[in-house]
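Geometric and topological summary
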Amino acid sequence: MLIEESAYSNRWRKVSPAAKGLFALAALVAAFAAATPVTAFIIAALVAGATVGGAQVAPGRYFRVALPALIFLAAGCLSLAFSIDWNITRGDLLIQLAPDGLHTVAAVGARSLGALAALLFLALTTPLIDLVALLRRLRTPEALLDIMVLCYRMLFVFSTAVHDTVTAQSARLGYATPRLVIRSLGGLVANLTLQVWQRAHTLHVAAQARNNDGPLRFLQASFDNAARDLKIAFAAGAALVLLSLWLR
Amino acid sequence: MMSTMNERPTATLLALDQIRFAYPDGSIGLDGCSLAIRRGSRNALLGANGSGKTTVFHHTNGLLRPQSGQIWYAGQAIDYSRSGLRRLRSKVGLVFQNPDHQIFSASVQEDVSFGPYNLGLDDATVRERVAASLLAVGMSGFADKAVHHLSFGQKKRVCIAGVLAMEPELLILDEPMAGLDYRMQEELLAVLDGLHARGITLLLATHDIDFAYRWADHIHLMRAGRCVASLDAPRLADYAGQLSALGLPLPAVIALQHGLMRRGLLAVEQRPRSCAELLTMLETARLGKGDGN
(Lines give C-alpha, C1' and ligand atoms only; values in the text may rest on other atoms or scores of the structure.)
Protein backbone atom coordinates (compact mmCIF):
# COMPACT_ATOMS: atom_id res chain seq x y z
CA MET A 1 0.00 0.00 0.00
CA LEU A 2 2.97 2.32 0.56
CA ILE A 3 3.92 2.02 -3.09
CA GLU A 4 0.31 2.51 -4.13
CA GLU A 5 -0.14 5.64 -2.01
CA SER A 6 3.10 7.13 -3.28
CA ALA A 7 2.28 6.35 -6.93
CA TYR A 8 -0.96 8.32 -6.64
CA SER A 9 0.24 11.22 -4.49
CA ASN A 10 3.67 12.11 -5.90
CA ARG A 11 4.35 15.34 -7.81
CA TRP A 12 5.01 13.53 -11.09
CA ARG A 13 1.72 11.58 -11.09
CA LYS A 14 0.57 13.39 -14.26
CA VAL A 15 3.90 12.99 -16.07
CA SER A 16 3.65 10.59 -19.00
CA PRO A 17 4.40 6.99 -17.89
CA ALA A 18 6.39 6.53 -21.11
CA ALA A 19 8.73 9.32 -19.99
CA LYS A 20 9.11 7.82 -16.51
CA GLY A 21 9.65 4.39 -18.03
CA LEU A 22 12.33 5.77 -20.37
CA PHE A 23 14.16 7.48 -17.51
CA ALA A 24 14.00 4.32 -15.36
CA LEU A 25 15.33 2.24 -18.26
CA ALA A 26 18.18 4.72 -18.80
CA ALA A 27 18.99 4.57 -15.07
CA LEU A 28 19.12 0.77 -15.24
CA VAL A 29 21.48 0.91 -18.22
CA ALA A 30 23.64 3.52 -16.48
CA ALA A 31 23.85 1.36 -13.34
CA PHE A 32 24.94 -1.70 -15.30
CA ALA A 33 27.33 0.33 -17.46
CA ALA A 34 29.07 1.75 -14.39
CA ALA A 35 32.68 0.59 -14.38
CA THR A 36 33.34 1.28 -10.71
CA PRO A 37 31.25 0.85 -7.58
CA VAL A 38 31.56 4.59 -6.90
CA THR A 39 30.03 5.42 -10.30
CA ALA A 40 27.14 2.99 -9.73
CA PHE A 41 26.65 4.46 -6.28
CA ILE A 42 26.54 8.00 -7.74
CA ILE A 43 23.92 6.84 -10.29
CA ALA A 44 21.85 5.29 -7.50
CA ALA A 45 22.09 8.48 -5.45
CA LEU A 46 21.07 10.68 -8.40
CA VAL A 47 18.03 8.52 -9.23
CA ALA A 48 16.99 8.30 -5.58
CA GLY A 49 17.43 12.08 -5.41
CA ALA A 50 15.15 12.51 -8.44
CA THR A 51 12.52 10.33 -6.74
CA VAL A 52 12.67 12.07 -3.37
CA GLY A 53 13.53 15.59 -4.53
CA GLY A 54 11.86 15.75 -7.94
CA ALA A 55 8.76 13.59 -7.50
CA GLN A 56 8.66 14.52 -3.80
CA VAL A 57 8.20 11.03 -2.46
CA ALA A 58 8.60 11.31 1.32
CA PRO A 59 12.11 10.10 2.36
CA GLY A 60 10.68 7.98 5.19
CA ARG A 61 8.28 6.22 2.82
CA TYR A 62 11.08 5.73 0.28
CA PHE A 63 13.27 4.11 2.92
CA ARG A 64 10.49 1.86 4.21
CA VAL A 65 9.72 0.63 0.67
CA ALA A 66 13.42 0.09 -0.06
CA LEU A 67 14.19 -1.62 3.25
CA PRO A 68 13.10 -5.21 2.40
CA ALA A 69 15.07 -5.05 -0.87
CA LEU A 70 18.08 -3.60 0.95
CA ILE A 71 18.00 -6.42 3.53
CA PHE A 72 17.79 -8.95 0.72
CA LEU A 73 20.68 -7.22 -1.05
CA ALA A 74 22.77 -7.17 2.14
CA ALA A 75 22.19 -10.89 2.69
CA GLY A 76 23.15 -11.57 -0.93
CA CYS A 77 26.32 -9.48 -0.63
CA LEU A 78 27.36 -11.27 2.54
CA SER A 79 27.13 -14.61 0.81
CA LEU A 80 29.32 -13.22 -1.99
CA ALA A 81 31.95 -11.91 0.42
CA PHE A 82 32.58 -15.21 2.14
CA SER A 83 33.49 -18.60 0.80
CA ILE A 84 32.44 -21.81 2.51
CA ASP A 85 34.74 -24.83 2.49
CA TRP A 86 33.38 -28.12 3.80
CA ASN A 87 35.93 -30.85 4.16
CA ILE A 88 34.05 -34.15 4.12
CA THR A 89 36.95 -36.29 5.27
CA ARG A 90 37.79 -34.12 8.24
CA GLY A 91 34.18 -33.03 8.79
CA ASP A 92 35.28 -29.37 9.05
CA LEU A 93 33.25 -26.40 7.95
CA LEU A 94 35.51 -23.46 7.06
CA ILE A 95 34.07 -20.01 6.43
CA GLN A 96 36.56 -17.42 5.16
CA LEU A 97 36.64 -14.08 3.39
CA ALA A 98 36.85 -14.70 -0.35
CA PRO A 99 40.04 -13.32 -2.02
CA ASP A 100 38.10 -10.88 -4.22
CA GLY A 101 35.12 -10.86 -1.89
CA LEU A 102 35.02 -7.21 -0.90
CA HIS A 103 35.62 -5.99 -4.43
CA THR A 104 32.84 -8.24 -5.79
CA VAL A 105 30.50 -7.13 -3.02
CA ALA A 106 31.17 -3.47 -3.81
CA ALA A 107 30.69 -3.93 -7.57
CA VAL A 108 27.54 -6.07 -7.37
CA GLY A 109 26.09 -4.18 -4.41
CA ALA A 110 26.52 -0.73 -5.98
CA ARG A 111 25.08 -1.83 -9.32
CA SER A 112 22.16 -3.49 -7.58
CA LEU A 113 21.58 -0.30 -5.62
CA GLY A 114 21.46 1.62 -8.90
CA ALA A 115 19.01 -0.88 -10.40
CA LEU A 116 16.90 -0.80 -7.24
CA ALA A 117 16.78 3.01 -7.33
CA ALA A 118 15.68 2.90 -10.98
CA LEU A 119 12.85 0.44 -10.28
CA LEU A 120 11.78 2.31 -7.16
CA PHE A 121 11.65 5.51 -9.20
CA LEU A 122 9.19 3.90 -11.61
CA ALA A 123 7.14 2.07 -8.96
CA LEU A 124 6.84 5.02 -6.59
CA THR A 125 5.91 7.59 -9.23
CA THR A 126 3.66 5.60 -11.59
CA PRO A 127 0.38 3.86 -10.74
CA LEU A 128 0.18 0.34 -12.08
CA ILE A 129 -2.79 1.23 -14.25
CA ASP A 130 -0.56 3.73 -16.11
CA LEU A 131 2.15 1.10 -16.46
CA VAL A 132 -0.31 -1.40 -17.89
CA ALA A 133 -1.49 1.25 -20.37
CA LEU A 134 2.16 1.83 -21.32
CA LEU A 135 2.76 -1.89 -21.77
CA ARG A 136 -0.37 -2.06 -23.92
CA ARG A 137 1.04 0.65 -26.19
CA LEU A 138 4.30 -1.30 -26.32
CA ARG A 139 2.31 -4.26 -27.76
CA THR A 140 2.67 -6.56 -24.76
CA PRO A 141 0.52 -9.69 -25.31
CA GLU A 142 -3.13 -9.03 -24.36
CA ALA A 143 -3.44 -12.18 -22.27
CA LEU A 144 -0.53 -11.11 -20.07
CA LEU A 145 -2.01 -7.65 -19.57
CA ASP A 146 -5.46 -9.10 -18.78
CA ILE A 147 -3.89 -11.25 -16.08
CA MET A 148 -1.98 -8.25 -14.72
CA VAL A 149 -5.11 -6.10 -14.58
CA LEU A 150 -7.21 -8.79 -12.92
CA CYS A 151 -4.46 -9.70 -10.42
CA TYR A 152 -3.98 -6.06 -9.49
CA ARG A 153 -7.73 -5.51 -9.07
CA MET A 154 -8.17 -8.73 -7.12
CA LEU A 155 -5.27 -7.87 -4.85
CA PHE A 156 -7.40 -5.19 -3.22
CA VAL A 157 -10.60 -7.22 -3.26
CA PHE A 158 -8.80 -10.06 -1.51
CA SER A 159 -6.94 -7.88 0.94
CA THR A 160 -10.39 -6.66 2.01
CA ALA A 161 -11.66 -10.25 2.16
CA VAL A 162 -8.64 -11.32 4.24
CA HIS A 163 -9.07 -8.35 6.57
CA ASP A 164 -12.81 -9.05 7.02
CA THR A 165 -12.29 -12.77 7.63
CA VAL A 166 -9.45 -12.25 10.11
CA THR A 167 -11.50 -9.61 11.94
CA ALA A 168 -14.50 -11.96 12.11
CA GLN A 169 -12.28 -14.79 13.38
CA SER A 170 -10.53 -12.57 15.93
CA ALA A 171 -13.89 -11.30 17.23
CA ARG A 172 -14.71 -14.91 18.14
CA LEU A 173 -11.32 -15.59 19.74
CA GLY A 174 -10.02 -17.33 16.63
CA TYR A 175 -6.43 -16.28 17.33
CA ALA A 176 -6.44 -16.62 21.13
CA THR A 177 -4.05 -19.58 21.40
CA PRO A 178 -1.38 -21.02 19.09
CA ARG A 179 -3.61 -24.01 18.37
CA LEU A 180 -6.51 -21.74 17.45
CA VAL A 181 -4.20 -19.66 15.25
CA ILE A 182 -3.39 -22.73 13.13
CA ARG A 183 -7.06 -23.70 13.00
CA SER A 184 -8.14 -20.17 12.04
CA LEU A 185 -5.45 -19.84 9.39
CA GLY A 186 -6.69 -23.10 7.87
CA GLY A 187 -10.22 -21.71 7.87
CA LEU A 188 -8.99 -18.49 6.31
CA VAL A 189 -7.25 -20.34 3.46
CA ALA A 190 -10.31 -22.55 2.86
CA ASN A 191 -12.60 -19.51 2.86
CA LEU A 192 -10.37 -17.59 0.45
CA THR A 193 -10.06 -20.58 -1.89
CA LEU A 194 -13.83 -20.71 -2.16
CA GLN A 195 -13.99 -16.95 -2.65
CA VAL A 196 -11.41 -17.13 -5.47
CA TRP A 197 -13.60 -19.62 -7.29
CA GLN A 198 -16.79 -17.62 -6.68
CA ARG A 199 -15.20 -14.30 -7.64
CA ALA A 200 -13.81 -15.77 -10.85
CA HIS A 201 -17.29 -16.99 -11.74
CA THR A 202 -19.01 -13.68 -10.89
CA LEU A 203 -16.44 -11.70 -12.87
CA HIS A 204 -16.99 -13.98 -15.85
CA VAL A 205 -20.76 -13.39 -15.59
CA ALA A 206 -20.23 -9.64 -15.22
CA ALA A 207 -18.03 -9.61 -18.32
CA GLN A 208 -20.69 -11.46 -20.29
CA ALA A 209 -23.35 -9.01 -19.10
CA ARG A 210 -21.30 -6.22 -20.64
CA ASN A 211 -20.98 -8.06 -23.93
CA ASN A 212 -17.42 -9.30 -23.52
CA ASP A 213 -16.38 -12.37 -25.47
CA GLY A 214 -12.68 -11.78 -26.00
CA PRO A 215 -9.77 -9.76 -24.63
CA LEU A 216 -10.38 -7.14 -21.95
CA ARG A 217 -10.09 -3.75 -23.69
CA PHE A 218 -9.92 -0.50 -21.74
CA LEU A 219 -9.59 3.19 -22.48
CA GLN A 220 -6.01 4.42 -22.31
CA ALA A 221 -5.27 7.45 -20.18
CA SER A 222 -4.08 10.52 -22.06
CA PHE A 223 -1.26 12.78 -20.86
CA ASP A 224 -1.31 16.39 -22.02
CA ASN A 225 2.46 16.99 -22.08
CA ALA A 226 3.62 13.54 -23.16
CA ALA A 227 5.94 14.83 -25.93
CA ARG A 228 7.60 17.38 -23.65
CA ASP A 229 7.92 14.81 -20.84
CA LEU A 230 9.55 12.33 -23.21
CA LYS A 231 12.11 14.90 -24.36
CA ILE A 232 13.03 15.78 -20.78
CA ALA A 233 13.22 12.10 -19.80
CA PHE A 234 15.38 11.34 -22.84
CA ALA A 235 17.77 14.18 -21.99
CA ALA A 236 17.96 13.20 -18.31
CA GLY A 237 18.37 9.51 -19.12
CA ALA A 238 21.08 10.21 -21.71
CA ALA A 239 22.89 12.39 -19.18
CA LEU A 240 22.85 9.54 -16.66
CA VAL A 241 24.25 7.04 -19.16
CA LEU A 242 26.92 9.49 -20.37
CA LEU A 243 27.91 10.25 -16.77
CA SER A 244 28.22 6.54 -16.10
CA LEU A 245 30.44 6.06 -19.16
CA TRP A 246 32.48 9.20 -18.44
CA LEU A 247 33.31 8.21 -14.85
CA ARG A 248 35.28 5.16 -15.89
CA MET B 1 -56.72 7.58 -34.45
CA MET B 2 -53.58 5.63 -33.52
CA SER B 3 -53.85 1.91 -33.83
CA THR B 4 -53.61 0.07 -30.52
CA MET B 5 -52.24 -2.97 -32.35
CA ASN B 6 -49.34 -0.89 -33.62
CA GLU B 7 -48.57 0.51 -30.18
CA ARG B 8 -48.59 -2.77 -28.29
CA PRO B 9 -45.21 -4.23 -29.32
CA THR B 10 -43.32 -1.04 -28.44
CA ALA B 11 -45.30 -0.17 -25.27
CA THR B 12 -44.07 -3.38 -23.63
CA LEU B 13 -40.31 -3.34 -23.74
CA LEU B 14 -39.65 -6.61 -21.95
CA ALA B 15 -41.95 -9.51 -21.26
CA LEU B 16 -41.33 -12.79 -19.47
CA ASP B 17 -43.89 -15.45 -20.28
CA GLN B 18 -44.15 -18.50 -18.02
CA ILE B 19 -40.41 -18.78 -17.42
CA ARG B 20 -39.15 -21.84 -15.61
CA PHE B 21 -35.58 -22.29 -14.52
CA ALA B 22 -33.89 -24.64 -12.06
CA TYR B 23 -30.25 -24.33 -11.02
CA PRO B 24 -27.91 -27.30 -11.49
CA ASP B 25 -28.21 -28.18 -7.78
CA GLY B 26 -31.96 -28.63 -8.31
CA SER B 27 -33.11 -25.49 -6.53
CA ILE B 28 -35.93 -23.70 -8.33
CA GLY B 29 -34.96 -20.26 -9.62
CA LEU B 30 -38.13 -19.38 -11.50
CA ASP B 31 -41.38 -21.32 -11.52
CA GLY B 32 -43.69 -20.05 -14.25
CA CYS B 33 -42.70 -16.41 -13.86
CA SER B 34 -44.51 -13.88 -16.07
CA LEU B 35 -44.11 -10.13 -15.97
CA ALA B 36 -44.01 -7.18 -18.35
CA ILE B 37 -42.04 -3.95 -18.29
CA ARG B 38 -43.44 -0.93 -20.10
CA ARG B 39 -41.11 1.27 -22.11
CA GLY B 40 -40.04 4.42 -20.26
CA SER B 41 -41.42 3.29 -16.90
CA ARG B 42 -39.85 2.94 -13.46
CA ASN B 43 -40.31 -0.52 -12.01
CA ALA B 44 -39.59 -2.01 -8.61
CA LEU B 45 -39.30 -5.74 -8.06
CA LEU B 46 -40.17 -6.66 -4.47
CA GLY B 47 -39.67 -10.02 -2.86
CA ALA B 48 -37.94 -11.85 -0.07
CA ASN B 49 -34.39 -13.16 -0.44
CA GLY B 50 -34.44 -16.22 -2.68
CA SER B 51 -37.72 -15.26 -4.34
CA GLY B 52 -36.05 -15.16 -7.78
CA LYS B 53 -35.34 -11.46 -8.35
CA THR B 54 -31.70 -11.91 -9.39
CA THR B 55 -32.64 -14.94 -11.49
CA VAL B 56 -35.16 -12.78 -13.37
CA PHE B 57 -32.44 -10.18 -13.97
CA HIS B 58 -29.99 -12.75 -15.28
CA HIS B 59 -32.65 -13.96 -17.70
CA THR B 60 -33.36 -10.47 -19.01
CA ASN B 61 -29.72 -10.02 -20.01
CA GLY B 62 -29.41 -13.48 -21.51
CA LEU B 63 -26.99 -14.69 -18.83
CA LEU B 64 -29.41 -17.49 -18.04
CA ARG B 65 -31.61 -19.23 -20.56
CA PRO B 66 -35.11 -20.36 -19.58
CA GLN B 67 -35.72 -24.08 -19.49
CA SER B 68 -39.27 -23.38 -20.60
CA GLY B 69 -41.23 -20.26 -21.46
CA GLN B 70 -40.32 -17.33 -23.64
CA ILE B 71 -38.77 -13.90 -23.12
CA TRP B 72 -39.69 -11.06 -25.44
CA TYR B 73 -37.70 -7.87 -25.90
CA ALA B 74 -39.30 -5.02 -27.90
CA GLY B 75 -41.78 -7.45 -29.38
CA GLN B 76 -39.16 -10.00 -30.47
CA ALA B 77 -38.39 -13.32 -28.83
CA ILE B 78 -34.84 -13.31 -27.46
CA ASP B 79 -32.36 -14.78 -29.90
CA TYR B 80 -29.73 -16.78 -27.98
CA SER B 81 -27.22 -16.86 -30.83
CA ARG B 82 -23.92 -15.03 -30.29
CA SER B 83 -25.03 -12.03 -32.36
CA GLY B 84 -28.52 -12.09 -30.80
CA LEU B 85 -27.05 -11.93 -27.30
CA ARG B 86 -24.74 -9.09 -28.36
CA ARG B 87 -27.78 -7.11 -29.53
CA LEU B 88 -29.73 -7.88 -26.37
CA ARG B 89 -26.87 -6.97 -24.02
CA SER B 90 -26.32 -3.70 -25.82
CA LYS B 91 -29.97 -2.82 -25.06
CA VAL B 92 -30.34 -4.29 -21.55
CA GLY B 93 -27.79 -3.10 -19.01
CA LEU B 94 -27.39 -4.99 -15.76
CA VAL B 95 -25.87 -3.46 -12.63
CA PHE B 96 -24.87 -6.08 -10.07
CA GLN B 97 -25.60 -5.81 -6.38
CA ASN B 98 -21.96 -5.99 -5.28
CA PRO B 99 -19.72 -3.52 -7.17
CA ASP B 100 -16.69 -5.74 -6.60
CA HIS B 101 -18.44 -8.44 -8.63
CA GLN B 102 -18.74 -6.10 -11.61
CA ILE B 103 -15.73 -3.82 -11.68
CA PHE B 104 -12.85 -5.26 -13.67
CA SER B 105 -10.25 -2.65 -14.05
CA ALA B 106 -8.34 -0.86 -11.34
CA SER B 107 -9.06 2.54 -12.89
CA VAL B 108 -12.48 4.21 -13.02
CA GLN B 109 -12.42 5.37 -16.63
CA GLU B 110 -10.88 2.12 -17.81
CA ASP B 111 -13.69 0.12 -16.25
CA VAL B 112 -16.38 2.39 -17.66
CA SER B 113 -14.81 1.97 -21.10
CA PHE B 114 -15.01 -1.83 -20.90
CA GLY B 115 -18.62 -2.15 -22.14
CA PRO B 116 -18.37 0.36 -25.03
CA TYR B 117 -15.20 -1.35 -26.32
CA ASN B 118 -17.07 -4.65 -26.24
CA LEU B 119 -19.66 -3.04 -28.52
CA GLY B 120 -16.86 -2.47 -31.02
CA LEU B 121 -16.88 1.34 -30.77
CA ASP B 122 -13.85 3.43 -31.79
CA ASP B 123 -11.60 5.22 -29.29
CA ALA B 124 -13.11 8.69 -29.80
CA THR B 125 -16.69 7.46 -29.27
CA VAL B 126 -15.66 5.41 -26.24
CA ARG B 127 -13.93 8.46 -24.74
CA GLU B 128 -17.08 10.57 -25.31
CA ARG B 129 -19.35 7.95 -23.78
CA VAL B 130 -17.11 7.44 -20.77
CA ALA B 131 -17.07 11.19 -20.08
CA ALA B 132 -20.86 11.48 -20.53
CA SER B 133 -21.59 8.47 -18.31
CA LEU B 134 -19.32 9.63 -15.53
CA LEU B 135 -20.96 13.07 -15.74
CA ALA B 136 -24.43 11.49 -15.52
CA VAL B 137 -23.55 9.74 -12.25
CA GLY B 138 -21.60 12.68 -10.84
CA MET B 139 -18.21 10.96 -11.00
CA SER B 140 -16.40 13.10 -13.58
CA GLY B 141 -13.78 14.16 -11.06
CA PHE B 142 -12.86 10.53 -10.36
CA ALA B 143 -12.08 9.42 -13.93
CA ASP B 144 -8.41 8.63 -13.34
CA LYS B 145 -8.79 7.46 -9.75
CA ALA B 146 -8.10 3.88 -8.71
CA VAL B 147 -11.26 1.90 -8.00
CA HIS B 148 -9.98 0.62 -4.65
CA HIS B 149 -9.69 4.21 -3.41
CA LEU B 150 -13.45 4.77 -3.84
CA SER B 151 -16.20 4.38 -1.26
CA PHE B 152 -18.88 1.72 -1.65
CA GLY B 153 -21.39 4.28 -2.93
CA GLN B 154 -18.90 5.67 -5.44
CA LYS B 155 -18.16 2.15 -6.70
CA LYS B 156 -21.90 1.65 -7.23
CA ARG B 157 -21.98 4.79 -9.33
CA VAL B 158 -19.02 3.57 -11.36
CA CYS B 159 -20.95 0.35 -11.99
CA ILE B 160 -23.94 2.34 -13.23
CA ALA B 161 -21.68 4.50 -15.41
CA GLY B 162 -20.08 1.35 -16.83
CA VAL B 163 -23.49 0.15 -18.00
CA LEU B 164 -24.75 3.60 -19.03
CA ALA B 165 -21.78 3.98 -21.36
CA MET B 166 -23.33 1.17 -23.41
CA GLU B 167 -26.44 3.40 -23.78
CA PRO B 168 -29.00 0.76 -22.80
CA GLU B 169 -32.74 1.16 -23.29
CA LEU B 170 -33.46 -0.82 -20.17
CA LEU B 171 -31.32 -0.42 -17.06
CA ILE B 172 -31.65 -3.15 -14.46
CA LEU B 173 -30.23 -2.64 -10.98
CA ASP B 174 -30.01 -5.44 -8.45
CA GLU B 175 -30.68 -3.92 -5.03
CA PRO B 176 -28.91 -0.63 -5.79
CA MET B 177 -29.65 0.85 -2.36
CA ALA B 178 -28.13 -2.08 -0.42
CA GLY B 179 -25.21 -0.98 1.72
CA LEU B 180 -25.68 2.73 1.05
CA ASP B 181 -26.20 5.30 3.79
CA TYR B 182 -29.14 7.72 3.59
CA ARG B 183 -27.19 10.47 1.80
CA MET B 184 -25.76 8.06 -0.76
CA GLN B 185 -29.27 6.66 -1.34
CA GLU B 186 -30.62 10.15 -2.00
CA GLU B 187 -27.73 10.85 -4.40
CA LEU B 188 -28.33 7.58 -6.23
CA LEU B 189 -32.04 8.35 -6.41
CA ALA B 190 -31.22 11.68 -8.09
CA VAL B 191 -29.05 9.79 -10.60
CA LEU B 192 -31.91 7.35 -11.32
CA ASP B 193 -34.40 10.20 -11.75
CA GLY B 194 -31.99 11.83 -14.21
CA LEU B 195 -31.78 8.59 -16.21
CA HIS B 196 -35.55 8.22 -16.23
CA ALA B 197 -35.88 11.79 -17.49
CA ARG B 198 -33.61 10.75 -20.40
CA GLY B 199 -36.14 8.08 -21.32
CA ILE B 200 -34.31 5.04 -19.97
CA THR B 201 -36.60 2.32 -18.66
CA LEU B 202 -35.63 1.32 -15.13
CA LEU B 203 -36.14 -1.94 -13.29
CA LEU B 204 -34.68 -2.43 -9.83
CA ALA B 205 -34.92 -4.93 -7.02
CA THR B 206 -35.41 -3.59 -3.53
CA HIS B 207 -36.53 -4.59 -0.04
CA ASP B 208 -37.48 -1.02 0.81
CA ILE B 209 -41.26 -0.88 0.43
CA ASP B 210 -41.43 2.85 1.24
CA PHE B 211 -38.90 3.67 -1.46
CA ALA B 212 -40.61 1.40 -4.01
CA TYR B 213 -44.00 2.99 -3.33
CA ARG B 214 -42.62 6.53 -3.51
CA TRP B 215 -40.45 6.05 -6.59
CA ALA B 216 -41.86 3.39 -8.92
CA ASP B 217 -44.57 3.63 -11.54
CA HIS B 218 -45.13 -0.12 -11.40
CA ILE B 219 -44.44 -2.64 -8.68
CA HIS B 220 -43.95 -6.36 -9.28
CA LEU B 221 -44.24 -8.77 -6.35
CA MET B 222 -42.08 -11.92 -6.47
CA ARG B 223 -42.67 -15.03 -4.41
CA ALA B 224 -41.15 -18.49 -4.76
CA GLY B 225 -39.86 -17.90 -8.30
CA ARG B 226 -43.08 -16.39 -9.56
CA CYS B 227 -44.38 -12.87 -10.10
CA VAL B 228 -47.55 -13.00 -8.01
CA ALA B 229 -48.72 -9.47 -8.82
CA SER B 230 -47.87 -6.60 -11.14
CA LEU B 231 -49.61 -3.36 -10.29
CA ASP B 232 -49.54 0.38 -10.71
CA ALA B 233 -47.75 1.70 -7.61
CA PRO B 234 -50.66 3.92 -6.42
CA ARG B 235 -52.77 0.76 -6.05
CA LEU B 236 -50.37 -0.87 -3.60
CA ALA B 237 -52.76 -0.33 -0.67
CA ASP B 238 -55.14 -2.84 -2.31
CA TYR B 239 -52.45 -5.54 -2.09
CA ALA B 240 -51.93 -5.61 1.68
CA GLY B 241 -52.63 -9.35 1.80
CA GLN B 242 -50.12 -10.15 -0.93
CA LEU B 243 -47.51 -7.98 0.75
CA SER B 244 -48.12 -9.67 4.06
CA ALA B 245 -47.57 -13.07 2.42
CA LEU B 246 -44.19 -11.74 1.22
CA GLY B 247 -43.37 -10.63 4.77
CA LEU B 248 -43.66 -6.96 3.81
CA PRO B 249 -45.73 -4.32 5.58
CA LEU B 250 -47.70 -1.62 3.83
CA PRO B 251 -45.65 1.55 3.24
CA ALA B 252 -45.63 3.77 6.33
CA VAL B 253 -47.38 6.57 4.48
CA ILE B 254 -50.32 4.28 3.61
CA ALA B 255 -50.61 3.12 7.24
CA LEU B 256 -50.64 6.76 8.31
CA GLN B 257 -53.17 7.64 5.63
CA HIS B 258 -55.47 4.84 6.82
CA GLY B 259 -55.24 6.19 10.38
CA LEU B 260 -56.13 9.69 9.20
CA MET B 261 -59.02 8.35 7.12
CA ARG B 262 -60.45 6.53 10.12
CA ARG B 263 -60.42 9.85 11.98
CA GLY B 264 -62.11 11.58 9.04
CA LEU B 265 -59.15 13.83 8.35
CA LEU B 266 -58.51 12.63 4.81
CA ALA B 267 -60.79 11.62 1.95
CA VAL B 268 -60.84 7.97 0.93
CA GLU B 269 -59.97 8.43 -2.74
CA GLN B 270 -56.67 10.19 -2.06
CA ARG B 271 -53.51 8.11 -2.40
CA PRO B 272 -50.42 10.02 -1.21
CA ARG B 273 -47.10 8.42 -2.26
CA SER B 274 -44.91 10.16 0.28
CA CYS B 275 -45.09 11.98 3.60
CA ALA B 276 -44.63 15.28 1.76
CA GLU B 277 -47.65 14.53 -0.44
CA LEU B 278 -49.67 13.50 2.60
CA LEU B 279 -48.78 16.74 4.36
CA THR B 280 -49.87 18.77 1.31
CA MET B 281 -53.19 16.90 1.26
CA LEU B 282 -53.72 17.59 4.95
CA GLU B 283 -52.95 21.28 4.44
CA THR B 284 -55.41 21.40 1.51
CA ALA B 285 -58.07 19.61 3.55
CA ARG B 286 -57.55 22.02 6.48
CA LEU B 287 -57.76 25.07 4.20
CA GLY B 288 -60.91 23.61 2.58
CA LYS B 289 -62.55 23.26 6.00
CA GLY B 290 -61.46 26.78 6.88
CA ASP B 291 -63.14 28.11 3.72
CA GLY B 292 -66.26 26.11 4.56
CA ASN B 293 -66.44 27.71 7.99
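The rules behind each value
Residues numbered from 1 in each chain as written. Chains lettered and ligands numbered in written order. Predicted model: local features only at pLDDT ≥ 70, side-chain atom pairs only at ≥ 80, totals over all residues. Core = buried A, V, L, I, M, F, W, Y, C linked by C-beta atoms within 7 Å. Buried ≥ 20, exposed ≤ 12 C-beta atoms within 10 Å, placed from the backbone. Helix = DSSP H or I, 4+ residues; strand = E, 2+ residues; numbered from the N terminus. Contact = placed C-beta atoms within 7 Å. Nonpolar A, V, L, I, M, F, W, Y, C, P; charged D, E, K, R; others polar. Domains from an automatic or database assignment. Axes fitted to C-alpha atoms, helices over the stretch in contact; angles between N-to-C directions. Parallel < 35°, antiparallel > 145°, perpendicular 65-115°, else oblique. Left-handed = near helix turned anticlockwise from the far one by under 90°.

**Describing the nonpolar core**
One finds Leu 46, Ala 161 and Ile 172 of chain B to be the most contacted residues of the largest nonpolar core, which totals 83 residues. Of the residues forming this core, the biggest block, six residues, is contributed by helix H6 (residues 152–164) of chain B.

**Quick word on the interface of chain A and chain B**
Counting from both sides, the interface comprises 24 residues of chain A and, opposite them, 30 residues of chain B. Only helix H6 (128–137), helix H7 (142–171) and helix H8 (178–209) of chain A provide two or more residues apiece to the side of chain A that touches chain B. Take the side of chain A that touches chain B: its biggest share by element is seven residues, from H8 of chain A. Grouping the amino acids of the side of chain A that touches chain B by side-chain chemistry returns 17 nonpolar, four polar and three charged.

**Some words on the domain arrangement of chain A**
When the domains of chain A are assigned, the result is domain 1 (2–126 + 223–246) and domain 2 (135–209). Computed over C-alpha atoms only, the centres of domain 1 of chain A and domain 2 of chain A are separated by 31 Å.

**Re unusual backbone geometry**
Note: most peptide bonds trans; most residues except glycine with negative phi. In this structure, Leu 173 of chain A is a non-glycine residue whose phi angle is positive, near 60°. Counting through the fold element by element, Leu 173 of chain A comes out in the loop between H7 and H8. Given 10 C-beta atoms within a 10 Å radius, Leu 173 of chain A is considered exposed. The backbone of Gln 18 of chain B shows a phi angle near 55°, a positive value even though the residue is not glycine. For Gln 18 of chain B, the location among the structural elements is in strand S1 (residues 12–22).

**Some words on the packing of helix H4 (residues 108–118) of chain B against helix H5 (residues 123–136) of chain B**
All names here are of chain B. With their axes 9 Å apart at the nearest point, H4 and H5 run at an angle of 125° to one another. Judged by the angle between their axes, H4 and H5 are oblique. Between H4 and H5 the crossing geometry is right-handed. When H4 is examined against H5, the residues Gln 109, Val 112, Ser 113, Pro 116 and Tyr 117 are found in contact with a partner set consisting of Val 126, Arg 129, Val 130, Ser 133 and Leu 134. Looking at the contact of H4 with H5, its residues break down into six nonpolar, three polar and one charged.

**Re the packing of helix H2 (residues 17–33) of chain A against H6 of chain A**
Residues and elements named next belong to chain A. At a closest axis distance of 9 Å, the pairing of H2 and H6 adopts a crossing angle of 85°. For the element pair H2 / H6, the angle class is roughly perpendicular. Counting all contacts with H2, which are made through Pro 17, Ala 18 and Gly 21, the residues of H6 involved are Asp 130, Leu 131, Ala 133 and Leu 134. Tallied by class, the residues present in the contact of H2 with H6 amount to five nonpolar, one polar and one charged.

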